[in-house]
Amino acid sequence: MKTFCGRANPTTGSMEWLEEGEDYDYHQEIARSRYADMLHDKDRNVKYYQGIRAAVSRVKERGEKAIVLDIGTGTGLLSMMAASAGADFCYAIEVFKPMANAAVKIVEKNGFSDKIKVINKHSTEVTVGPDGDMQCRANILVTELFDTELIGEGALPTYEHAHKYLVQEGCEAVPHRATVYVQLVESKRMWSWKKLFPVHVEAEDGEKILVPPSEMENCPGVPSVCDIQLNQMPSSDFTALSDVVTMFSVDFSKPVQSASTCYRVQLEPVKSGKAQIVLSWWDIDMDPSGMINCTMAPYWVKPTSALQWRDHWMQCVYFLPNEEPVLQGEKLYLTACRDQYSVWYNLQKAREGEDKADEEEHKADVRVESPVCRCRAHLLWNRPRFGELNDQNRTRQYIKALRKVLKTDSVCLCISDGSLLPVLAHYLGAKQVQYFILFFRTLHFTNNLEDKIKIIEARPELLKPSHLEDKKISILVGEPFFTTSLLPWHNLYFWYARTAVSTHLASNVTVLPQSASLHMMIVEFQDLWRIRSPCGICEGFDVQTMDDMIKDSLNFRESKEAEPHPLWEYPCKSLSDPQGVLTFDFTKTVPQHCLSTEGSVTLLRKGKSHGAVLWMEYHLAADISVSTGLMQMSNEKGNCEWNPHCKQAVYFFSSVIESEILSDPTAVTYAINFDPKTGEIAMDFKL
Ligand code: SAH
């Protein structure tokens, strides 16, 4: 079987579809999967085990045999728990072949082969009967099919099918029930991920305000879930407008319906403000009594001591279609609509004199369509990008730099996806300036500026003098930002594009940014290390086979590669000073030869060196730089503040280095290589 994998090509700025063997897809799936993170989730594992023991006991007390159906067995963990708890037989279903194979090995290694049958099928393909996959229907249904949004991995249709065909009526289910909670909040920070705020431009002749077009203002955005580590959102970044309320729950021990539906709850704001965001999370009760509860509630809802770090389940941020001013104590209705895989929200004010009886009636008209972007901006800019464009501090740096380089007769060319730079520059007041925007991924944001700002729909290498009205470019600008970039250095596509348009540049051209530099720092992660760390024994079961599998897959292709993570969500402590390692000079063309560097970094603090973090800094003009990584660092403890709009590159070390003695500082040596042919950066670290 052949697979096509999308990969960003930093030398062309586009996505390319590469043909890969079956292995590739499979290794990606394993290496980047959340299996390791789940196995490290102690809270989840302990509670599943308790719930499973309780369910097996209840069935046994009724004098029945305990027959377990474990849908999505993964490593086989939950089936092994059931078998240890005294279940008579377990059917462990796993659709992903490499995992099903791993489950067979793990089950065997732990001595449960006679009690657990691993079936490599999707649960909807499983047959029941004397010649079927299962001899009879099960009376205990165990699953872990949930994502941060609860239903995004298809739990509802899977349960619906299982109740119809695979389990007995009145079966026990672990978990027994899931409940979704919501809280209405006002948050400029989170709202800035959905909406473009007016941009303030300090021009020579006073402040000008760039106002987004009305179609963008009224656009409902995109339906994809926004899942984040809400525990990293400081309480100063939002205001709760309501208490936490239960939105809906699902009882997994009864037939489940997956068809689209809406739920409505009444709310009374505890505070007046602007309703913008619905924060949401869920919990699962492992047993009917609700005594064994596993919750994703954020820090302000439960004591910090009860917090379990996990990355496979986080919290959701939903954006209301429009901002709605609400008053403390007024009557509101919040509606959650869902289809089989996703949820979206809507807020209505109660009508005058409305009572309970009317409520049912209105249920029908509250059904709202899933959000679909009409303005195109939400397709071009993802949520962090909206946040970045709304960052006035950042905008100010660009304005300052533009002001330094703009002359009244400048001819500018902008190369960046969906950039506001040309519009900003225009508002700066240099009326004679002529702007060109090169590229296809741009917005027609240039209302009334058509005579000043021209969009050229051509790739850089196809640029012709006629596109530029036979003028030479005196200022080449970029943020740089490209939607296809995954790792920080993928935005070096700006350099490639700059190289491709060289013949159109005036001899004294100004390039903004003039250069970029790659920075690096050794860190200890508070939690993120878990996703790459072997588990060994999980709740008494040997899952080393899984560890080995992940290691193999990591080594398959990616061993010398870094991976992108938004570090504002993943706290870490610096163990070394940040260090500039490579510089990319945009005033020159991309060189033919590799750019390499070698050196060593000294570990200055006690801690575990989990890996290196790398990021780019752009030097816009003399003394004006923007960082896409480290923003600030406390010297005392080494706590870091990261750019909240960008992902940084993380290179996990294959073994953790523990630095203890500061009198004899340890050094980590590195070798970093930028290959201009591929645009990729390879690296290697040694103690
Ligand atoms: N039960 C394991 C793994 C959970 S991850 C644990 O708790 O540690 C969920 C697994 O379910 C994945 O491996 C996925 O491939 C599998 N899966 C999801 N839906 C499925 C379905 N309907 N039938 C079979 N396997 C499914």
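Higher on the page you've got the structure.
Each value, and the rule that gives it
- Residues numbered from 1 in each chain as written.
- Predicted model: local features only at pLDDT ≥ 70, side-chain atom pairs only at ≥ 80, totals over all residues.
- Heavy atoms only, no water.
- Helix = DSSP H or I, 4+ residues; strand = E, 2+ residues; numbered from the N terminus.
- Rg over C-alpha atoms; globule rule 2.2 N^0.38 Å.
- Contact = heavy atoms within 4.5 Å.
- Areas by Shrake-Rupley, 256 points an atom, 1.4 Å probe, with all protein chains shown as cover.
- Lys, Arg positive; Asp, Glu negative; His and termini not counted.
- Charge placed at Lys NZ, Arg CZ, Asp CG, Glu CD.
- Pairing = 2+ DSSP bridges.
- Axes fitted to C-alpha atoms, helices over the stretch in contact; angles between N-to-C directions.
- Buried < 20%, exposed > 50% of the residue type's maximum accessible area, 1.4 Å probe, protein only.
- Near = heavy atom within 4 Å.
- Polar contact = N/O pair within 3.5 Å; in protein donor to acceptor, adjacent residues only side chain to side chain.
- Nonpolar A, V, L, I, M, F, W, Y, C, P; charged D, E, K, R; others polar.
- Parallel < 35°, antiparallel > 145°, perpendicular 65-115°, else oblique.
- Left-handed = near helix turned anticlockwise from the far one by under 90°.
- Expected span 1.5 Å × (residues − 1).
- Phe/Tyr/Trp six-rings, centres within 6.5 Å; stacked < 30°, edge-to-face > 60°.
- Lys NZ or Arg CZ within 6 Å of the ring centre and 35° of its normal.
- Disulfide = S-S within 2.5 Å.
- Salt bridge = Lys/Arg side-chain N within 4 Å of Asp/Glu carboxyl O.
- 1 Å grid on protein atoms, 1.4 Å probe; cavity = no way out; pocket = protein on both sides within 12 Å on 5 of 7 lines; lining within 4 Å.
- Points joined across faces, edges and corners; volume = space filled by probe spheres on them.

(A) Region of interest: the overall build of the chain. Regarding its fold elements, the chain presents 15 helices and 38 strands. Here the C-alpha atoms of the chain give a radius of gyration of 28 Å, agreeing with the 26 Å that 2.2 N^0.38 yields for 687 residues. Along the longest, intermediate and shortest principal axes, the C-alpha atoms of the chain span 90 × 70 × 55 Å. Pairs at least 24 apart in sequence give 77% of the contacts found in the chain among residues at least 6 apart. With an accessible surface of roughly 29,200 Å², the chain has 49% of that area assigned to carbon and sulfur atoms. Distance from the positive charge centre (72 side chains) to the negative charge centre (91 side chains) of the chain: 2 Å.

(B) Representation of the sheet that holds strand β37 (residues 667–675) in the model. Within the open sheet, the three strands sit side by side as β31-β37-β38. Their pairing is antiparallel. Sheet topology places β31 (595–602) and β38 (680–686) at the edges, where each strand pairs with a single neighbour. Each adjacent strand pair in this sheet contributes to an overall mean axis angle of 15°, direction not counted. With seven bridges joining them, β37 and β38 adopt antiparallel strand pairing. The residue bridging F674 from the neighbouring strand is I681, located in β38.

(C) Region of interest: the sheet that holds strand β18 (residues 332–338). Read across the open sheet, the three strands follow the order β14-β18-β19; overall the sheet is antiparallel. For this open sheet the edge positions go to β14 (261–267) and β19 (343–349), each flanked by a neighbour on one side alone. Here the average twist between neighbouring strands, direction ignored, is 20°. In the sheet, β14 pairs with β18 via seven bridges, with the strands oriented antiparallel. By the bridge assignment for β18, C262 is matched with C337.

(D) How the structure looks around the pairing of strand β9 (residues 199–203). Burial of β9 is one-sided: the residues V199, V201 and A203 facing one way are buried, the residues H200 and E202 facing the other way are not. Bridging between β9 and strand β10 (residues 206–210) involves five bridges; their strand directions are antiparallel. Note that in β10 the partner of A203 across the bridge is G206. Two successive antiparallel strands, β9 and β10, enclose a turn made up of two residues.

(E) Quick peek at the site of the ligand. Near the ligand you find 18 residues, and of these Y35, R44, G72, E94 and S123 are the closest. Residue H122 places a side-chain N or O atom 3.1 Å away from a nitrogen atom belonging to the ligand. Coverage of the ligand by the protein chains reaches 89% of its 580 Å² of free accessible surface. The residue inventory of the shell around the ligand, partitioned by class, reads eight nonpolar, six polar and four charged.

(F) Main features of the packing of helix α3 (residues 42–61) against helix α4 (residues 77–84). Packing of α3 against α4 brings their axes to within 9 Å, and their N-to-C directions diverge by 45°. Looking at the two axes, α3 sits oblique to α4. Once α3 is placed against α4, the crossing between them reads as right-handed. Facing α3, whose interface residues are R44, N45, Y48, Y49, I52 and V56, α4 presents L77, L78, M81, A82 and S84. Its residues assigned to classes, the contact of α3 with α4 comprises eight nonpolar, two polar and one charged.

(G) Focus on helix α5 (residues 97–109). Under the 1.5 Å per step criterion, the end-to-end length of α5 is 18 Å for 13 residues, consistent within 8% with the ideal 18 Å. Within α5, the full set of buried residues consists of P98, M99, A100, A102, A103, I106 and V107. Phi for G111, located one or two positions after α5, is positive at around 80°.

(H) Just the packing of aromatic side chains, in detail. The full count for this structure, using the stated rule, is 26 aromatic pairs. Seen from their ring centres, F525 and F652 are 5.9 Å apart, and the 40° between their planes marks the pair as tilted. Taken together, the residues span a long stretch of sequence, with F525 in strand β25 (residues 515–525) and F652 in strand β36 (residues 648–659) at a distance of 127 residues. On the basis of relative accessible area, F525 is assigned to the buried category, the value being 2%. Using a relative accessible area of 15% as the deciding quantity, one classes F652 as buried. The rings of F146, Y159, F252, W282 and W313 are connected pair by pair, giving a single aromatic cluster. Positioned above the aromatic ring of Y49, the side-chain terminus of R53 is 3.9 Å from the ring centre. Above the plane of the ring of F481 lies R385, whose end atom (NZ or CZ) is 3.8 Å from the centre.

(I) How the structure looks around the state of the cysteines. One pass over the structure, following the stated rule, counts zero disulfides. This cysteine, C375, is not joined by any disulfide, and C219 carries the nearest cysteine sulfur, 3.7 Å off. With a relative accessible area of 6%, C375 lands in the buried category. Among the cysteines around C412, which has no disulfide bond, C414 carries the closest sulfur, lying 8.9 Å off. Here C412 falls in the buried class, since its relative accessible area comes to 4%.

(J) Representation of the pattern of salt bridges within the structure. Evaluation of the coordinates by the stated rule reveals 26 salt bridges. Residue D43 pairs with K47 through a salt bridge whose shortest N-O separation is 2.6 Å. In this pair, D43 and K47 both sit in helix α3, four residues apart, roughly one turn of the helix. Comparing D43 with K47 shows no difference in burial state: the two are buried. Residue E388 pairs with R385 through a salt bridge whose shortest N-O separation is 3.0 Å. Within this pair, E388 and its partner R385 are both found in helix α11 (residues 383–389), separated by three residues, close to a single helical turn. Across the pair, R385 and E388 agree in class, each one buried. Look at the salt bridges and you will find they share partners, linking D41, D43, K47 and R310 into a network.

(K) Seen up close, the pairing of β18. Across the seven residues that make up β18, a large majority, seven, are buried. Residue alternation in β18 divides its side chains into two sets, L332, L334, A336 and R338 and Y333, T335 and C337, and both sets are buried. Two strands pair when backbone bridges link them, and β18 and β19 are joined in this way by seven bridges, in the antiparallel orientation. What sits directly across from C337, in β19, is W344. Hairpin connection from β18 to β19: four residues lie between these consecutive antiparallel strands.

(L) Expanded view of empty space enclosed by the protein. Scanning all chains against the criterion turns up five cavities of 30 Å³ or more. Estimated volume of the largest cavity: approximately 90 Å³. Lining the largest cavity are V199, L389, R394, T395, Y398, L420, L421, L424 and E479. Where the lining of the largest cavity is concerned, the elements lending two or more residues are α12 (392–405) and α13 (421–427). Here the lining of the largest cavity takes three residues from α12, the largest share from any one element. Residues belonging to the lining of the largest cavity are distributed by class as follows: six nonpolar, one polar and two charged.

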